[in-house]
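Structural characterization, general
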Amino acid sequence: MIFEITCRVNEQEIAKRCSVPGIIPIPDEMMMEPGAQWIIATRREEWWVLGARGLRGPYRDAAGFSKVKVSWSGPCVMMHDSTEVELVQLVNPIDQPCVLSIDHTHHEFSKPLVIGRKSLCGIRVQSATVSGLHALLYPTEKSILYFDLATSNGSYDSRGARISTTKLIRGDTVTMGNTVVKVAATAHEQTQPGTKLESTAMQNLEQLISKVAPSNAPVVITGESGVGKELVANAIHRHSRVDGALITANASCFTPQLARSELFGHVAGAFTDASYNRQGLFSAAHKGTLFLDEIAEMSLSVQAELLRAIETGFIHPLGASEPVIARPRLIVASHKSLDAEVSAGRFRQDLYYRLCVVQLSVPSLRERPEDIETLAKAFVERYCPGSQLSPDVLQWLRIQPWSGNVRELRNLFWKASVIYPERPTDIFNLKHLLNGEQASRVMPDDVVRVFFEQEQDIQKTARALGVHRSTVHRHIREYRNGIKEAA
């Protein structure tokens with residue numbers, strides 16, 4: 001397949017052709033043209049236009065021709081997707097957002113966007129070492145396609161190798177100048193397991209989310225650590241009517257000295273280490289959603305600054321002489337009771353009333369044991385594909401205290417898939433992982449159970465338990481002696 005791009009510059013027509021996959025070089029005579037626009041072709045009969053209004057598309061050739069002709073003024077580049085990645089179902093945005101972490105700030109997106117220094121970028125990085133239009137990020141269900149837009153400083157992977165096109169999964173990093181971009185989660189990892197939860201409490205919460213999301217009202221989410229407060233914030237943002245991104249930050253990480261810079265940004269020269277302009281969380285979430293987790297940990301002085309920004313809709317970056325408009329929707333969360341924090345004088349009462357228009361409480365996992373089976377099966381499918389949960393395991397899961405809630409349940413199967421890849425859902429392995437014990441500290445009942453599962457073979461039992469044969473002999477001897485005494 002051939003794409004043909006026709007560019008008209010100063011009454012001169014310049015035509016470039018490129019097969020897909022492939023890249024059209026930028027003609028030298030077009031580099032000086034103002035108001036640059038780029039054509040980014042990602043698959044057959046689909047392309048995106050990057051211009052002064054940002055990234056728009058996808059556009060498709062309704063006639064189904066094998067050639068696409070587009071005329072515009074300014075530099076042009078045609079980027080391509082990797083032939084190893086299927087993009088057939090990517091005409092529409094993906095259901096769940098991907099998450100990037102940049103300078104300890106999370107950015108969510110579910111459609112292609114450009115990252116760079118220019119204001120038209122979907123993710124704006126104010127660093128002199130990052131190009132105006134640095135890279136295209138194209139989200140798929142299980143990865144993010146990264147395209148370097150022919151930058152001078154380039155993009156580098158975790159090994160320091162320069163890249164032009166790559167596929168990123170969770171944990172991967174790309175360095176752009178002095179800025180590190182890390183993939184915190186891909187789309188399928190953001191999907192809340194067990195969307196059809198059985199408990200009445202979670203069904204009521206889902207109904208409340210559907211009512212609250214379309215409004216612009218501030219929301220306070222409460223609940224113990226690990227119950228999924230951030231997932232609730234994600235759900236509110238996805239079903240809201242805001243056009244901007246969801247920006248996530250943990251307020252407990254803000255020190256009083258750096259909190260203003262984190263929230264409102266700074267200009268170059270504002271303080272000793274401020275060598276470049278930095279966009280704050282409020283500006284990044286303008287016309288979008290700003291989610292501040294653990295809001296109760298924020299100092300009183302920072303709370304005052306936050307209240308002023310919410311009330312006025314303007315912020316003052318450090319060192320700036322003029323205010324900047326920034327009006328995100330606020331969603332905050334805390335594992336502490338904000339009422340108790342107000343009574344104790346650790347949280348401002350006026351800020352509490354400004355934020356607490358709608359309050360959603362996420363119940364702990366032990367308060368909704370009927371959801372444990374659904375969640376456990378979802379985590380097994382994600383981390384231990386091909387494994388099954390026996391009735392004994394499900395019964396044992398239901399009676400655990402789960403002080404770490406859903407996060408603890410998830411981590412149990414995640415850990416089991418790493419440490420016991422051959423038998424990740426075995427009840428013996430799960431018990432020892434949950435109790436934080438080593439597999440060598442076996443319990444007599446576990447030895448006896450595995451012994452009969454292994455057809456009463458001492459060697460196989462020892463190998464399955466990871467213990468010495470003498471340990472198995474000892475426990476089996478005690479078991480048989482106990483049977484004789486009972487008789």
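In what follows, the accompanying structure is described. Residues take numbers from 1 onward in each chain, read along the sequence in its written order. Only residues with pLDDT of at least 70 are given local features in this predicted model, and only at 80 or more are side-chain atom pairs given and counted; all residues enter the totals for whole chains, interfaces and linings. Note: side-chain values were computed over all heavy atoms of the structure, leaving out hydrogens and water.

1. Concerning the overall build of the protein
Put simply, DSSP H or I for four residues or longer makes a helix, DSSP E for two residues or longer makes a strand, and each gets a number counted from the N terminus. The helix and strand inventory of the protein stands at 15 helices and 25 strands. Contacts are assigned to residue pairs that have any heavy atoms within 4.5 Å of one another. A separation of at least 24 residues holds for 60% of the contacts in the protein among residues at least 6 apart in sequence. Computed with the Shrake-Rupley method and a 1.4 Å probe, the accessible areas treat only the protein chains shown as cover for residues. Looking at the protein as shown, the accessible area adds up to about 24200 Å², and 48% of this sits on carbon and sulfur atoms.

2. Considering the pattern of salt bridges
Should a side-chain nitrogen of Lys or Arg be within 4 Å of a carboxyl oxygen of Asp or Glu, the pair is scored as a salt bridge. Summed over all chains, the structure comprises eleven salt bridges. In this structure, R308 and E305 form a salt bridge, with 3.2 Å as the shortest nitrogen-oxygen distance. With R308 and E305 both in helix α6 (residues 300–312) and three residues apart, this pair spans about one turn of that helix. K377 is the partner of E373 in a salt bridge, and the nearest nitrogen-oxygen pair spans 2.8 Å. A residue pair is termed a helical-turn pair when its members lie 3 or 4 positions apart in one helix, as E373 and K377 do in helix α9 (residues 372–383) at four residues. For every residue, the accessible area (1.4 Å probe, protein chains only) is compared with the maximum for its type, and the residue is labelled buried under 20%, exposed over 50%, or partly exposed between those bounds. Overall, E373 belongs to the partly exposed group, its relative accessible area being 26%. Taking relative accessible area as the criterion, K377 reaches 42% and is therefore assigned partly exposed.

3. Some details on the nonpolar core
The criterion is simple. A nonpolar core is a set of buried Ala, Val, Leu, Ile, Met, Phe, Trp, Tyr and Cys residues joined through side-chain atoms within 4.5 Å. With 42 residues, the main nonpolar core has I221, V232, I236, L397, L409 and F413 as its most contacted residues. Of the residues forming this core, the biggest block, six residues, is contributed by α9. Setting aside residues up to four positions removed in sequence, L409 forms contacts with L365, I372, L375, A376, F379, L397 and W402. Core analysis: the next-biggest nonpolar cluster, separate from the first, contains 31 residues, F282, I315, L338 and L355 among them.

4. Describing the pairing of strand β11 (residues 144–148)
The element β11 is largely enclosed, with a buried count of five among its five residues. Side chains I144, Y146 and D148 project from β11 onto one buried face, and the interleaved L145 and F147 project onto a second face that is buried too. Strands are treated as partners if at least two bridges between them are detected by DSSP. Pairing between strand β10 (residues 135–139) and β11: five bridges, direction antiparallel. Considered in β11, the bridge of L137 is made with Y146. Pairing of β11 with strand β14 (residues 165–168), which is carried by four bridges, proceeds in the antiparallel orientation. Each residue of the ladder has a partner; that of Y146, found in β14, is T166.

5. Describing the sheet that holds strand β9 (residues 123–124)
The strand order β9-β8-β10-β11-β14 describes an open sheet built from five strands, whose pairing is mixed. A single partner strand is all that each edge strand has here, and the edge strands are β9 and β14.

6. Details of the packing of aromatic side chains
Here the aromatic set is Phe, Tyr and Trp, taking the six-membered ring for Trp, and pairing holds for ring centres within 6.5 Å; pairs whose planes are under 30 degrees apart are stacked, those over 60 apart are edge-to-face, and all others are tilted. Under the definition given, this model contains five aromatic pairs. Summarising the aromatic geometry, the rings of Y352 and Y353 are spaced 5.4 Å apart at their centres and angled 65° between planes, so their arrangement reads as edge-to-face. The class of Y352 is buried, set by a relative accessible area of 11%. Overall, the relative accessible area of 56% leaves Y353 in the exposed class. Centre to centre, the rings of Y383 and W414 are 5.3 Å apart; their planes meet at 15°, and the pair counts as stacked. Separated by 31 residues along the polypeptide, Y383 in helix α9 and W414 in helix α11 (residues 405–419) bring together distant segments of the chain. Chaining the aromatic ring pairs together yields one cluster made of F379, Y383 and W414.

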